[in-house]
Amino acid sequence: MTNSRLKAIKKAKYTDIISLFIISRIVYLVIMLLSGFPLATTLQSFDAEFYLNIARNGYSSIQSTAFFPLFPMVIRFTTLYGALLINNLAFLASLFILKKLGSNTWVLAVFALGPMGFFSMLLYTESLFFFFTVFAFYLMKNRKYPLLMGIALGLSVLTRSSGSMLFFAIFIGMCIQFAKKEIKFRSIIIAYVPATVLALIYPVYLQTAFGNWKQFVDCQFTDWNKIKSNIFKTIWTGLKMIFTDAYPYRSDAYKPLQITNEVLSLFLLALFVIYIVTVICSFIKKRKVDTEELVLIIFVALTLYAVNTTIRDPYLDSPTVSFYRYYYGTFPICLMMNKKNIIAQELFTVFTAALGMITSFVFCLNFFFY
């Protein structure tokens, strides 16, 4: 086969990625412009304001410690526009990695045209976090470059606290790989020395600056008006929000948005729970544990636990604070789409694209709905 033929095949192989990337950029840019608000305002709304402030002034308030430091550092050293470029490149790279992990065009569309496609264009952490986590998993799955995997894993923790869930999940997975003699013990050391050092940077800083290494957790209750919860209480609160008038709303305009938020969050939560149960049942039936699949369900289970540990005070805002954004921000939701027994890929893609476009437009109108 000639070199030109090989190049043509390779180009065709990734046509769907390039097409989806371009389409998602155009679609969400048009939505931003149609909102009538200045583009710069949309790009810097809500959480982005905190990242920008941290980049300029450091952690000047207890409230700001809820936001992890890597992305503010990116903004500080590359400027606002550099950070936006990095987010878009990370988004594109994630599409390639998902393709390498076996995702087809429908699955890639879930990522590109859903909420992730929108938030990857803003000064938010979703894009970088998704990239670091899916990249670390890809390297673990292929037993390649443990040092690079460890760095990616550590950077994911520096980006968002949820990265620590994958930190522990991959550690368990690598220990199983070692027990099966698939990797050497030194691979674990090579990976987890840099991963641990990077993961500890922020807690050490908080201990030095505020005298409390877990300030990012405590401030959720003291400065963000959240109350302790669990997955069962969160579900019950969401159901009450949907079917009753147990909680007040900011205004009539917010009522349908908050109800929609609860429906979406509970729907995705149900999908993840179904995924975990399905995989566990498969393990029992086969009497064999797939290491990579185990890593995924540990990551998902720990993330669900962490996300559902706190909820916003129901008397101030929507109780679950749009958990659907956090669920869509974890890469297993794309990989689980490869399991056809979970849900029809085509229907879920259409649903996700519609969700992304509707909620992004509401976000651009400066409603607190994300």
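Just so it is clear, the structure is predicted and the values come from calculations on it, not from any experiment.

**Student:** Just to check I follow, could you spell out the overall build of the protein chain for this structure?
**Tutor:** Broken down by element type, the protein chain carries 18 helices and two strands. Taking 370 residues into account, the globule formula puts the C-alpha radius of gyration at 21 Å, and the protein chain, at 21 Å, falls close to it. Considering only C-alpha atoms, the protein chain reaches an extent of 60 × 50 × 50 Å along its principal axes. A burial count over the protein chain gives 54% of its 370 residues as buried. With 33 positive and 16 negative side-chain charges, the protein chain shows a spacing of 14 Å between the two charge centroids.

**Student:** Before we go on, may I ask you to explain the packing of helix H10 (residues 163–179) against helix H11 (residues 185–210) in this structure?
**Tutor:** Two elements in contact, H10 and H11, have axes separated by 10 Å at closest approach and are oriented at 170°. With respect to H11, the element H10 is oriented roughly antiparallel. Contacts between H10 and H11 pair Phe 167, Ile 170, Phe 171, Met 174, Cys 175 and Phe 178 from the former with Phe 185, Ser 187, Ile 188, Ala 191, Tyr 192, Ala 195, Thr 196 and Ala 199 from the latter. Tallied by class, the residues present in the contact of H10 with H11 amount to 12 nonpolar, two polar and no charged.

**Student:** How should I be thinking about the confidence of the model for the protein chain in this particular structure?
**Tutor:** Low-pLDDT stretches of the model should not have their predicted coordinates read in fine detail. With 92% of its residues at a pLDDT of at least 70, the protein chain reaches an overall mean of 89. Taken element by element, the predicted model of the protein chain shows its lowest mean pLDDT in helix H1 (residues 3–13) (52) and its highest in helix H9 (residues 146–159) (98).

**Student:** Looking at this structure, I do not really get the side chain of Ser 64. What am I missing?
**Tutor:** Of note, Ser 64 is situated in the loop between helix H4 (47–57) and helix H5 (70–100). The class for Ser 64 is buried, based on a relative accessible area of 1%. When neighbours within four sequence positions are excluded, Ser 64 is seen to be in contact with Phe 50, Ile 54 and Tyr 59.

**Student:** Sorry, what's going on with a nonpolar patch on the surface here?
**Tutor:** Residues Ile 18, Ile 22, Ile 26, Val 30, Leu 34 and Phe 361 make up a contiguous nonpolar surface patch of roughly 530 Å² in combined accessible area. Per-element accounting of the nonpolar patch gives the leading share, five residues, to helix H2 (residues 15–34). Tracing the sequence through the fold places Phe 361 in helix H18 (residues 345–364).

Rules and cut-offs
- Residues numbered from 1 in each chain as written.
- Predicted model: local features only at pLDDT ≥ 70, side-chain atom pairs only at ≥ 80, totals over all residues.
- Heavy atoms only, no water.
- Helix = DSSP H or I, 4+ residues; strand = E, 2+ residues; numbered from the N terminus.
- Rg over C-alpha atoms; globule rule 2.2 N^0.38 Å.
- Buried < 20%, exposed > 50% of the residue type's maximum accessible area, 1.4 Å probe, protein only.
- Lys, Arg positive; Asp, Glu negative; His and termini not counted.
- Charge placed at Lys NZ, Arg CZ, Asp CG, Glu CD.
- Axes fitted to C-alpha atoms, helices over the stretch in contact; angles between N-to-C directions.
- Parallel < 35°, antiparallel > 145°, perpendicular 65-115°, else oblique.
- Contact = heavy atoms within 4.5 Å.
- Nonpolar A, V, L, I, M, F, W, Y, C, P; charged D, E, K, R; others polar.
- pLDDT = per-residue confidence, 0-100.
- Patch = residues over 30% accessible without salt bridge, like charges linked within 9 Å, V, L, I, M, F, W, Y side chains within 5 Å.
- Areas by Shrake-Rupley, 256 points an atom, 1.4 Å probe, with all protein chains shown as cover.
- Salt bridge = Lys/Arg side-chain N within 4 Å of Asp/Glu carboxyl O.

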